[in-house]
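# Observations on the three-dimensional arrangement
Single-letter residue listing:
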Amino acid sequence: MKEYLQNLFNQLALKIPELNEITLQFDIPKSEEHGDLSTNAAMLLSKKLKKNPREIAKLIIDSLEIDSSVISKIEIAGPGFINFFFRPVFFSKIINEIVSENENFGRSDKFKGKKANVEFVSANPTGPLTVGHGRNAVVGDTIANLLEWIGYDVDREYYFNNAGRQMRVLGDSVRLRYLELLGEMIEFPEDYYQGEYIKDIAKMLLNEYGDKLRNEDAEGIFKQTAEREIFKDIKKSLNNLNIIHKIFFNENSLYEEGKIEQLLKKFKEKNLSYEKDGAVWLKLTELGKEQDKVIVKSTGEPTYRLPDIAYHITKFERGYDLMVDLFGSDHNATYPDVLAGLQSLGYDVNKIKVLIHQFVTIMKDGEVVKMSTRKANYITLDELVDEVGKDVVRYFFNMRNISSHMNFDLTLAKKQSDENPVFYLQYAHARICSIIRTVTKENLQPDYSNLHLLDSPEEVQLLKKLNLFKEEVLYAAENFETHRICFYLEELAALFHKFYTFRRILGSEREIAEARLALVNAVKIVIKNGLSILGVSAPEQM
RNA sequence: GCGCCCGUAGCUCAAUAGGAUAGAGCAUCAGCCUUCUAAGCUGAGGGUUAGUGGUUCGAGUCCACUCGGGCGUACCA
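Residue indices begin from 1 for each chain and proceed along its sequence in written order. Going through the entries in the order they are written, you letter the chains from A and number the ligands from 1. Note on the predicted model: pLDDT of at least 70 is required for a residue's local features to be given, and 80 or more for side-chain atom pairs to be given and counted; whole-chain, interface and lining totals, by contrast, use all residues. Side-chain figures throughout are based on the complete set of non-hydrogen atoms in the structure, without hydrogens or water.

The term salt bridge refers to a pairing of a side-chain nitrogen on Lys or Arg with a carboxyl oxygen on Asp or Glu at a separation within 4 Å. Under the defined criterion, the tally for this structure stands at 30 salt bridges. In this structure, Lys315 engages Glu119 in a salt bridge whose closest nitrogen and oxygen atoms are separated by 3.0 Å. With Lys315 in helix 12 (residues 305-317) and Glu119 in strand 5 (residues 115-119), this residue pair connects regions lying 196 residues apart in the sequence. For the pair formed by Lys315 and Glu119, the shared burial category is buried. A salt bridge links Glu229 to Lys232; its shortest N-O distance comes to 3.4 Å. Pair noted here: Glu229 and Lys232 are both in helix 9 (residues 218-240), with a separation of three residues, about one helical turn. Residue exposure (1.4 Å probe, protein chains only): buried if accessible area is under 20% of the type maximum, exposed if over 50%, otherwise partly exposed. Exposure remark for Glu229: the relative accessible area of 13% places this residue in the buried category. What makes Lys232 partly exposed here is its relative accessible area of 48%. Look at the salt bridges and you will find they share partners, linking Asp141, Glu148, Arg156 and Arg394 into a network. Here a helix means four or more residues in a row that DSSP labels H or I, a strand means two or more in a row labelled E, and each is numbered from the N terminus.

Structure representation (structure tokens):
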């Protein structure tokens, strides 16, 4: 629809060259009275042409070459909007497209041949994934889906660090629990990992090795076992949500392959770093930052910045055209340094898209639950999935803009699960499947040759909405906004339910019934495709 | 103090690069099932978009300040 008008205006630009100076925009008006598409071009031109916008609008309309079999009406409204009204036939063509493309309808090849990397979750293996990680996991996976739908070849990646203090403490936590099981009197430090899973791992080691590990140190088998077991659980939790990472990137490999050394050398050669107080500093002030930052501590250990920069260099070397990093707002101070470092080395940081999601506040029985992995007072992602189901979890996290703080009321989520919007969508799908089952028994078949019969308001509205799906997917993907898909589907489902209430298939004349059956079939496909982007199932029966 | 994010209906959230009368769901109230799934539909009430100024044809959206909340602000990651 927009393309159609765009072409018309391109021709018009030959007559009115000023059109090339503005960004032409077609909007879908909120109110149907204002047509199917609307443009504010006349208002934007009024300054350049020094004329009243309504006059310009009239000039534009008179100069456009209109095919009246496509466009039924054009009008000037309000301060100078030009509103276009399309004929219903124009919209019904979409049904053929939907049915022939079926599960691929909505995909586009705009970014075909491009490679994208989506890095998400990236939690260090110190404990089970919590509800907080859930938002990251679900949104990251859905963004990856969206990018695939617009043509990208996408790698899902998980970056982790199994060195460092956190992991040492983890290993020692297991060691102490193990010694406890051997009957030793242990004072378990408060800042160690308190979770039950630590005891489980210790028990496992006891069963396997007996007391042979009494004199092992924390960094050895204790840490290794903990890491292995915890990762196993993390992958299982993600699997429960149908999330599978293709690449698990270990920070340590950067050291082993000498990437850190190389990077450090490069910074020095380019005179981007210097030594002070026994530490190595990166000259960020020269890049317009407030202050220089340490990249190697006086102890000789790098800070997170160095490996993070080295890590992103590997992504560039792996040839990605787009790199998405998704993390929580607690990281919002770290990425600018990393990007600045990359930029100083000449990398095109525009290829990196850093997405920050705000925190999830968990409410339980009307109170905020403060969560900490170390203190073990968290709610795990597994518990949440067990409680409300995979589909609800995926839908719930996807349906909100990531820049908004999110309240997750567990009590309410459980109680209201029947009224969750995801059921509304699934119900629409199941309802259509049921209709198809029933009317097939009456020997009705979808007929794609009489679609002009679909001209009631309920049908036309539905058709218009179907026409927008592809555009919506593209928009959501390019802006990394998963919630748009949810809102689109809810609107589509609402229009379908309305259609269902007022326009029957059984009992209508055969031609109409079969055209409606074609329509309903198309709606079913779009709902299913939309849900599949979100990673939510589309049941045939409920 | 400084940086990022946020403040929209009783609650949870939308509002497509500034567009026309700010929209949904939940909750509340009133209706709709002898024919395709009532997990549905129709209607009603509910708003000074936190506040004050500014920018312009036009502001929830942009700018400034104020108030309130979240996350940061390390030679932790």
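By convention, a stacked pair of Phe, Tyr or Trp rings (six-membered ring in the case of Trp) has centres within 6.5 Å and planes under 30 degrees apart, an edge-to-face pair has planes over 60 apart, and any other such pair is tilted. Scanning the entire structure with this criterion turns up 23 aromatic pairs. Here the aromatic rings of Tyr4 and Phe86 are separated by 6.1 Å at their centres, their planes lie at 70°, and the arrangement is edge-to-face. Here Tyr4, found in helix 1 (residues 2-15), pairs with Phe86, found in strand 4 (residues 81-86); they are 82 residues apart in sequence, far enough to count as distant. You can call Tyr4 partly exposed: its relative accessible area is 25%. Here Phe86 falls in the buried class, since its relative accessible area comes to 5%. A ring pair is formed by Phe105 and Phe469, whose centres lie 6.0 Å apart and whose planes are at 25°; its orientation type is stacked. Of this pair, Phe105 sits in the loop between helix 5 (94-101) and strand 5 while Phe469 sits in helix 19 (residues 469-478), and the two are 364 residues apart along the sequence. One exposure class covers both Phe105 and Phe469, and it is buried. By the ring-pair criterion, three or more aromatic residues cluster together here, those being Tyr4, Phe86, Phe90 and Phe91. If you follow Lys73 out to its NZ or CZ, it ends over the ring of Phe85, 4.4 Å from the centre. Counted as over-ring charges are cases with an Arg CZ or a Lys NZ within 6 Å of the ring centre that also lie within 35 degrees of the ring normal.

This next bit is on the protein's contact with RNA strand B. Note on terminology: near, applied to a residue and a molecule or strand, indicates that one of the residue's heavy atoms is within 4 Å of it. Within the structure, RNA strand B sits among 64 residues, and Lys297, Arg400, Tyr424, Tyr427 and Arg431 are positioned closest to it. Within the residue set of the surface near RNA strand B, elements represented by two or more residues are helix 2 (41-49), strand 4, strand 9 (279-282), strand 15 (406-409), helix 17 (421-441) and helix 20 (483-502). With nine residues, helix 17 is the single largest residue contributor to the surface near RNA strand B. In terms of residue class, the surface near RNA strand B is made up of 25 nonpolar, 24 polar and 15 charged. Residues were grouped as follows: Ala, Val, Leu, Ile, Met, Phe, Trp, Tyr, Cys and Pro as nonpolar; Asp, Glu, Lys and Arg as charged; and all remaining residues, including Gly, as polar.

With that out of the way, let us pick up the sheet that holds strand 15. A pair of strands is treated as paired once DSSP finds two or more bridges between them. What the three strands build is an open sheet, ordered 14-13-15; its pairing is mixed. Edge positions in the sheet fall to strand 14 (367-369) and strand 15, since each has one partner strand and no second. The sheet shows a mean angle of 40° between the axes of neighbouring strands, taken without regard to direction. Where strand 13 (residues 360-364) meets strand 14, three bridges bridge the pair, whose relative direction is antiparallel. Among the inter-strand pairings, Ile362 is bridged to a residue of strand 14, identified as Val369. Axis geometry follows a simple rule: fit a line to the C-alpha atoms, using only the stretch in contact for helices, then measure angles between N-to-C directions, giving values from 0 to 180 degrees.

The next subject is the layout of surface pockets. When its volume is computed, the second largest pocket comes out at roughly 1,500 Å³. Put simply, the parts of the chain that give the lining of the second largest pocket at least two residues each are helix 1, strand 1 (26-27), helix 5, helix 18 (457-467), helix 19 and helix 20. Ranked by the residues each element gives to the lining of the second largest pocket, the list is headed by helix 20, at six residues. Of the residues belonging to the lining of the second largest pocket, the class tally is 15 nonpolar, six polar and 16 charged. Using only the protein atoms, space was sampled on a 1 Å grid; points where a 1.4 Å probe fits but cannot get out form cavities, open sets with protein on both sides within 12 Å along at least five of seven lines form pockets, and lining residues are those with an atom within 4 Å of a point. Grid points are joined across faces, edges and corners, and a volume is the space filled by probe spheres set on the points.

On to the packing of helix 8 (residues 196-209) against helix 9. Taken N-terminus to C-terminus, the directions of helix 8 and helix 9 make an angle of 120°; their axes are 10 Å apart at the nearest point. Here helix 8 runs over helix 9; the crossing is right-handed. Listed contacts from helix 9 to Tyr197, Ile201, Met204, Leu205 and Tyr209 of helix 8 are Ile221, Phe222, Thr225, Ala226, Arg228, Glu229 and Ile230. In this scheme, a crossing is called left-handed if the near helix is turned counterclockwise away from the far one by less than a right angle; it is called right-handed if the turn is clockwise. Whether two residues touch is decided by their heavy atoms; if any such pair falls within 4.5 Å, the residues are in contact.

Turning to the nonpolar core, a few remarks are in order. Within the largest apolar cluster, 141 residues are counted, with the highest numbers of intra-cluster contacts made by Leu147 and Phe408. Not counting residues up to four positions away in its chain, the partners in contact with Leu147 are Ala116, Val118, Tyr152, Val154, Leu322, Val324, Ala477 and Phe480. To define a nonpolar core, start from buried Ala, Val, Leu, Ile, Met, Phe, Trp, Tyr and Cys residues and group those joined through side-chain atoms within 4.5 Å. Ile260, Val296, Ile309 and Leu342 belong to the second largest nonpolar core, which has 32 residues in total.

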